Structure formats: structure tokens, C-alpha cells
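# Per-entry structural report
Read off the chains here:
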Amino acid sequence: MEHPRERTWDVVVVGAGHNGLTCAAYLAGAGLAVVVLERRGVVGGAASLEEPWPGFRVSPCAYLAGLLHPRVVEDLRLHRHGFEVRLLDPQMFVPIDDGISLVEWRDLDRTLADLARWAPGQVSGYRALAGFWDGIREALRPGDDRDLWLMEAPPRELVEQRLGGDPAAIAAVFEESVVDDLSRFLDDPRLIDGLASQGVIGTNAPPTHPGTAYIRFHHMCGRLAGGSGDWGFVEGGIGMVSIALEAAAREAGAAVFTGSEVVSISPGRGVMLADGSWVRARAVVSNADPKRTLGLLDDTPPADFAARVEQWPTDGCSAKVNVALSDLPVFNGDPISTRSQVDVGPGVEGMVSGHAAAREGRLGRPWAELYLQTAYDPSVAPPGRHVLSAFVQYVPYAWQQGSWDDHRETVAQAVFDEIERWSPGFRDLIEAYEVSGPPDIEAKIGLTGGHIFQGECLPPYMWDRRMPYRTPIDGLYLCGAATHPGGSVIAVNGRNSAMRILRDLGETPGD
Ligand SMILES: Cc1cc2nc3c(=O)[nH]c(=O)nc-3n(C[C@H](O)[C@H](O)[C@H](O)COP(=O)(O)OP(=O)(O)OC[C@H]3O[C@@H](n4cnc5c(N)ncnc54)[C@H](O)[C@@H]3O)c2cc1C
């Protein structure tokens with residue numbers, strides 16, 4: 001087919017992010033006529049593949065997979081479409097002091113044995129911390145149909161009920177800061193400094209902010225590897241998830257068009273493309289974030305929904321630095337570090353002041369999470385060469401003085417300083433690099449404010465407080481990270497939205 005206007009569709013999906021593709025695959029699999037329209041030249045949104053330097057394949061945004069829902073992997077047979085994941089072990093490496101590093105292995109006992117060497121007094125607290133959150137994962141996300149992530153909009157009462165009414169668990173999931181949560185179990189500031197960063201991933205709040213304990217949980221409740229919450233590299237790059245989803249969607253009968261920007265949405269009727277043509281459909285589902293979606297409407301939305309979307313928090317504070325390297329850097333003198341995700345940064349106090357600085361349009365000492373995919377998967381770089389991807393906070397959206405064009409280099413050098421601290425000589429390995437701040441992410445991927453989750457994942461914006469799959473506007477649905485269960489490469493948002501649409505259109509969902 002040469003142009004999507006050539007027929008009338010049941011559903012048009014605006015955007016081929018991984019969630020849009022997932023939604024399309026389920027809808028087409030149920031027999032609907034589905035078309036996906038993507039403005040970029042590639043599929044995947046924040047989980048796509050680019051080749052900024054010959055032979056180096058990087059994602060402009062996401063790097064690690066851990067929350068991708070096994071139900072989607074299974075239903076859409078993603079392994080048949082080339083999806084493979086290599087789990088990290090260790091999962092996390094945080095340099096603490098000369099020759100001392102926090103090493104989180106997949107095996108808890110191994111982590112505790114390492115910890116016993118430099119912080120023996122913390123071992124029982126660390127074990128209790130892990131056990132406490134494992135219990136919460138089992139309660140909220142059991143590995144079966146009772147998984148709250150598979151439900152449409154679980155209310156807080158249901159979450160509390162699943163937590164057995166336990167006040168400590170309820171406070172941890174809904175109220176506590178990550179620093180307070182860690183401090184209930186641990187009293188060595190080195191350890192709290194090392195772990196607190198996991199409570200602010202993609203989140204425009206310091207680790208002392210209420211609700212950041214949930215952010216840490218969000219990132220360790222994945223079931224991709226069973227019940228362990230582990231993360232890994234997707235073979236060929238995380239964009240391969242989207243490429244596998246596209247293959248699954250096409251196999252199910254969906255049509256996918258890239259380079260097809262939607263400029264207007266007419267719910268219940270269809271969408272208009274940038275070339276002025278109309279693509280007709282009974283329902284429109286948008287993978288774009290809610291602010292962008294509402295901006296495309298051809299009519300005035302209901303005032304209360306418009307106000308809710310207007311207030312949806314999308315102030316991004318994260319940057320990405322991708323680096324081509326001539327060799328793998330080693331951190332804190334430990335070769336195992338290259339096999340792990342490595343966290344470097346200023347600790348809790350430095351993050352609090354770094355967040356405050358970014359709010360004022362300045363850069364404090366950054367925290368950076370580093371991924372070295374070539375340690376596991378050399379296919380993403382030319383032979384003998386390597387890639388490092390740094391996820392960086394906190395950066396301003398707008399600088400007090402100057403623009404991002406003036407400050408990309410400031411950010412790169414500040415990140416390289418943090419790396420050099422633990423990996424002297426790192427700068428000598430650099431062959432090329434690229435920096436994307438929130439406005440770059442916004443311009444390239446379409447994420448409003450550059451917010452990596454299409455809106456904060458703090459507790460006031462989760463569960464039934466997240467954006468609805470079915471909007472109050474007839475014929476308009478959402479399926480992106482702004483919906484339950486939130487941001488990251490999860491894909492179940494797209495799946496759940498498809499279930500809602502199938503029910504509304506009178507089709508029988510396959511679940
Ligand atoms: C810097 C960064 C690092 C991250 N790191 C990780 C990580 O390591 N692991 C992880 O799990 N998650 C990570 N995330 C989060 C994760 O990538 C996102 O939450 C997730 O990919 C969002 O997917 P989505 O399909 O919901 O939406 P998106 O990826 O935002 O896709 C939306 C799509 O809609 C398209 N679109 C928008 N408007 C239109 C229009 N008018 N017409 C046509 N198409 C349109 C866009 O081009 C885009 O392709 C990261 C995100 C960022 C930004």
C-alpha cells in the first residue's frame with residue numbers, strides 16, 4: 001500500500017514508540033484494521049536505534065531493559081522476531097572509596113558477602129531492605145494475572161489491600177523519600193549515598209523528596225527475568241525491542257508508516273497528515289504524550305480533562321551522553337565494573353544541591369549512570385571499539401545564561417570529570433560523543449519537556465492517577481508511558497490500552 005489514506009481503518013495509532021507498536025500488534029492480532037503513523041524515519045521513539053558514527057549503533061535515549069513485560073514478550077513472540085536480552089551481572093557497581101565499591105550481584109548472598117568486607121554492620125540491614133521490597137513486589141506484581149500492571153487503573157485502595165494494610169509498606173509505596181526508606185534499614189551514609197540515586201531516575205525531585213522510594217521500587221520490580229527485578233542489554237541495542245514489536249505488529253496485519261507526521265486528530269473520524277491527507281479510522285490511539293496529543297486535537301477538549309493535562313508534570317531533568325571509545329574503561333581498579341551498570345556522582349547532599357541548581361538553570365555536580373553494552377554485546381560497535389552511554393541528572397531544561405547549544409559541552413565535561421575520578425585516563429579513550437539535553441530529547445522524540453516517562457512517576461501520578469487509556473473524548477485513546485503502569489520500556493501500557501479499545505469496539509480481547 002502506498003498511502004494510509006487509501007482505506008478506512010478501525011484504529012489509527014499515532015506514533016510508533018514501543019507502546020504504539022505493541023498496541024497495534026494486539027489490535028491487529030484481534031482482527032482489526034490498524035495503521036501506525038510515525039513522524040520520525042525510524043520506529044521506537046525513546047527506544048530506537050541510531051548510528052551517529054560509522055559502525056556504532058546507539059539508542060538516543062533508553063539503554064537497559066528490565067521492566068519489559070513478559071506477557072507481551074510471550075504473547076507477541078518477540079524472541080521469534082529477534083529479541084534477546086543479556087542480563088547484567090553485577091547489576092550495579094558504585095565506587096565508594098579507593099578500592100571499595102558497592103557491587104550488587106544478581107545473587108543476594110554474593111552481594112552481602114562483598115558488603116561484609118567493607119561494611120559488615122550493614123549486612124543485616126541490607127538483607128532486610130531487599131526482603132522488604134521483594135515482599136512488596138510479590139504483593140503488587142505477582143507473576144500471574146493478578147499483576148497490578150496488567151490491570152486498567154488500580155485504585156490506591158486495591159494497592160493498600162494487596163499490601164495487607166501494612167502501614168510501613170503503604171508509606172514506602174506512597175509517601176516515603178528514598179533516603180528515608182534506605183535509612184530505616186541502613187545507617188552507613190556511604191551506602192545510602194550509593195543507593196539513593198535509584199530513587200530519582202528520570203524524576204525531577206531530589207532523593208529527599210516524598211515518593212522517591214517508589215521510583216526505586218518502580219525500577220526494581222521488573223519480571224523480565226522472572227521474579228528478580230534484573231536488568232540487561234538487548235542484543236543489538238534496545239531499539240531491537242521496537243524492531244521486534246514492529247515485526248510482530250506487521251505479522252499480525254498492521255500497517256506501519258514512518259515519516260508520517262500527524263498534524264491533526266479528529267477523534268472518531270481519523271487524523272490528518274502533514275501532507276494534508278486524511279486517514280480515516282473509527283478510533284484514534286495516541287502514543288504521543290498527553291500534552292502533545294491534546295495539542296493535535298481539532299476541537300476543544302472538555303475543560304476538566306484539558307486542565308488535568310495542562311497540570312501533568314513534564315519538566316525533564318535528564319540528559320544522555322553517548323560516547324564512542326577505543327577501549328573499555330575500568331572503574332575503581334576493578335575489572336568487574338565493565339560488566340555492570342556503573343553509578344558515579346556526588347551522593348545525597350550533592351544530588352539535593354544539584355537538583356536545586358538545575359531548577360535555577362545551572363549545573364551542579366552531576367550523577368551519571370553508565371552503561372557499557374559492548375562488554376556484553378560487541379555487535380553494537382566496530383571490532384575492538386566500545387560504547388558508553390551515560391544517563392545524567394540533574395540538568396536544566398533552560399539555562400539561566402545561554403542555551404543548550406552553549407552548554408552541551410559543559411555537561412559532557414562535567415560527566416567526564418565524574419568518570420575520571422574513578423577511571424583515570426578515561427578521556428584518552430574517547431573517540432566521539434554526543435549530548436542530548438531535555439529540549440533535544442523533546443525535539444527528537446517528541447517527549448514534552450524532555451520528560452523520559454511522558455510525565456512524573458511519583459506516587460501522586462501513578463495507579464489510577466495516571467492518564468487514562470480511554471480519554472473522556474469519544475474515540476480518543478492513549479497508549480504511551482503517560483498511562484498505567486508508567487514510564488520505561490514496559491510495553492504493557494500499549495497492551496492494556498489495546499484491551500480497553502477492543503472492549504469498547506465490541507471486540508473480545510484475547511486475555
Ligand atoms: C534519556 C532517556 C533514557 C532512558 N533510559 C531508559 C532505560 O535505560 N530503560 C528503560 O526501560 N527506559 C528508559 N527510558 C524511558 C523509556 O525510554 C520511555 O519511557 C519509553 O520508551 C516511552 O515509550 P512510549 O512508546 O510510551 O513513547 P515514546 O517513546 O515517546 O514514543 C512516542 C512516539 O510517538 C511519535 N509521535 C509523537 N507525535 C507524533 C505525531 N504528531 N505524529 C506521528 N508520530 C508522533 C514519536 O516520534 C515517538 O516515536 C529512557 C528515556 C529517556 C528519554
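Residues numbered from 1 in each chain as written. Predicted model: local features only at pLDDT ≥ 70, side-chain atom pairs only at ≥ 80, totals over all residues. Heavy atoms only, no water.

## Re the sheet that holds strand E18 (residues 430-436)
Quick note on the threshold: For two strands to pair, DSSP has to find at least two bridges joining them. Helix and strand definitions here come from DSSP, where helices need a minimum of 4 consecutive H or I residues and strands a minimum of 2 consecutive E residues; each element is numbered from the N-terminal end. Fitted lines through C-alpha atoms give the axes, limited to the stretch in contact for helices. The angle between two N-to-C directions lies from 0 to 180 degrees. Throughout, a residue-residue contact means that at least one pair of heavy atoms, one from each residue, lies within 4.5 Å.
Spatial strand order, E8-E7-E15-E16-E17-E14-E18: seven strands in an open sheet with mixed pairing. Two strands in the sheet have a free side with no partner beyond their single neighbour: strand E8 (100-104) and E18. Strand-to-strand twist of the sheet, defined as the mean angle between neighbouring strand axes without regard to direction, takes the value 20 degrees. Two strands pair when backbone bridges link them, and strand E15 (residues 341-344) and strand E16 (residues 367-371) are joined in this way by three bridges, in the antiparallel orientation. When the bridges of E16 are listed, Asp343 appears paired with Glu369. Against the sheet, helix H14 (residues 404-422) contacts strand E7 (92-97), strand E14 (319-325), E15, E16, strand E17 (386-393) and E18, and its axis sits at roughly 125 degrees relative to E18.

## Some words on the domain arrangement of the protein chain
Using the following cut-off: An automatic or database domain assignment supplies the residue ranges for each domain. Here the quantity called buried area is the accessible surface, traced with a 1.4 Å probe, that two parts lose on coming together, added over both. The rule for a salt bridge is simple: a side-chain nitrogen of Lys or Arg has to be within 4 Å of a carboxyl oxygen of Asp or Glu. Polar contact criterion, stated in full: a pair of N or O atoms within 3.5 Å, where within protein one must be able to donate a hydrogen and the other to accept it, and residues adjacent in sequence count only if both atoms are side-chain atoms.
Domain annotation for the protein chain reports domain 1 (4-53 + 67-82 + 236-312 + 455-504), domain 2 (129-220) and domain 3 (319-436). One C-alpha centre belongs to domain 1, the other to domain 3, and the line joining them spans 31 Å. Every contact between the two is made by four residues of domain 1 and, on the other side, ten residues of domain 3. Interface area for domain 1 against domain 3, summed over the two sides, is near 430 Å², with a carbon-plus-sulfur share of 63%. For the interface between domain 1 and domain 3, the tally reads zero salt bridges. There are one residue pair in polar contact (both at pLDDT 80 or more) connecting domain 1 and domain 3.

## Focus: the nonpolar core
Quick note on the threshold: We call a set of buried Ala, Val, Leu, Ile, Met, Phe, Trp, Tyr and Cys residues a nonpolar core when their side-chain atoms join them within 4.5 Å. Burial classification: accessible surface area is computed with a 1.4 Å probe over protein chains only, and a residue below 20% of its type maximum counts as buried, one above 50% as exposed, and the rest as partly exposed.
By size, the foremost hydrophobic cluster in this structure holds 74 residues, and its most contacted members are Ile136, Val173 and Trp463. Broken down by element, this core gets its largest block of residues, eight residues, from helix H4 (residues 123-140). In this structure Trp463 touches Leu140, Leu148, Trp149, Pro154, Val159, Val173, Phe174, Tyr214 and His484, once residues within four positions along its chain are discounted. If you look at the next biggest cluster of nonpolar residues, it comprises 44 residues, including Tyr26, Val72, Val234 and Val256.

## Side note on the site of the ligand
For the record, the criterion: Only heavy atoms are used to decide nearness, and a residue is near a molecule or strand if one of them lies within 4 Å of it. Using a 1.4 Å probe, accessible areas were evaluated by the Shrake-Rupley method; residue-level cover was limited to the displayed protein chains.
The environment of the ligand is formed by 35 residues, the closest being Asn19, Glu38, Leu64, Ala481 and Val489. A distance of 2.9 Å separates an oxygen atom of the ligand from a polar backbone atom of Tyr63. A distance of 3.4 Å separates an oxygen atom of the ligand from a polar backbone atom of Ile445. Its free accessible area being 1,000 Å², the ligand has 98% of it covered by the protein chains. Broken down by secondary-structure element, the contributors of at least two residues to the shell around the ligand are helix H1 (18-29), helix H11 (290-296) and helix H15 (438-445).

## Some details on the pairing of E8
Judged by how many residues are buried, E8 sits mostly within the fold: four of five residues are covered. With five bridges connecting them, E7 and E8 associate as antiparallel partners. Bridging across to E8, Pro95 finds its partner in Ser101. From the end of E7 to the start of E8, which pair antiparallel, there are two residues, and Gly99 there has a positive phi angle of about 75 degrees.

## Observations regarding the environment of Trp422
Topologically, Trp422 is positioned in helix H14. Residue class for Trp422 comes out buried when judged on its relative accessible area of 16%. Discounting residues that sit within four places of it in the chain, Trp422 has contacts with Pro95, Ile96, Asp97, Asp98, Val330, Phe331, Asn332 and Val344.

## Quick look at the pairing of strand E11 (residues 262-266)
In terms of burial, E11 is largely enclosed, as four of its five residues are buried. Inspection of the sheet shows E11 paired to strand E12 (residues 270-273) by four bridges, in the antiparallel sense. Its bridge partner lying in E12, Ile265 is registered against Val271. Linking two consecutive strands that pair antiparallel, namely E11 and E12, is a turn of three residues; a positive phi of about 85 degrees is found at Gly268 within it.

## Here we look at the packing of aromatic side chains
What counts, and what does not: Each Phe, Tyr or Trp ring, with Trp reduced to its six-membered ring, pairs with another whose centre is within 6.5 Å; inter-plane angles below 30 degrees give stacked pairs, above 60 give edge-to-face pairs, and intermediate values give tilted ones. Criterion for a charge above a ring: Lys NZ or Arg CZ within 6 Å of the ring centre, and within 35 degrees of the ring normal.
Scanning the model with the defined rule gives 13 aromatic pairs in all. Measuring from centroid to centroid gives 5.3 Å for Trp399 and Trp404, while their planes differ by 70 degrees, and the two rings are edge-to-face. Both residues of the pair, Trp399 and Trp404, count as buried. Taking the centre distance of 5.1 Å and the plane angle of 85 degrees together, the rings of Phe416 and Tyr433 count as edge-to-face. Of this pair, Phe416 sits in helix H14 while Tyr433 is found in strand E18, placing the two residues 17 residues apart along the sequence. Look at Tyr433 and you get partly exposed, because its relative accessible area is 29%. Grouped by ring-pair contacts, the aromatic residues Phe132, Trp133, Phe185, Tyr214, Phe217 and Trp463 constitute a single cluster. A cation over a ring is seen here: Arg7 above Trp9, with NZ or CZ 4.6 Å from the ring centre.

## Regarding the sheet that holds strand E6 (residues 85-87)
Through backbone hydrogen bonds, the strands of a sheet pair up, either in parallel or in antiparallel fashion. Strand order in the open sheet made by the three strands is E5-E9-E6, with antiparallel pairing throughout. The sheet terminates laterally at strand E5 (64-65) and E6, the two strands that pair on one side only. Pairing of E5 with strand E9 (residues 232-234), which is carried by two bridges, proceeds in the antiparallel orientation. Opposite Leu64, over in E9, you have Phe233 as the bridge partner.

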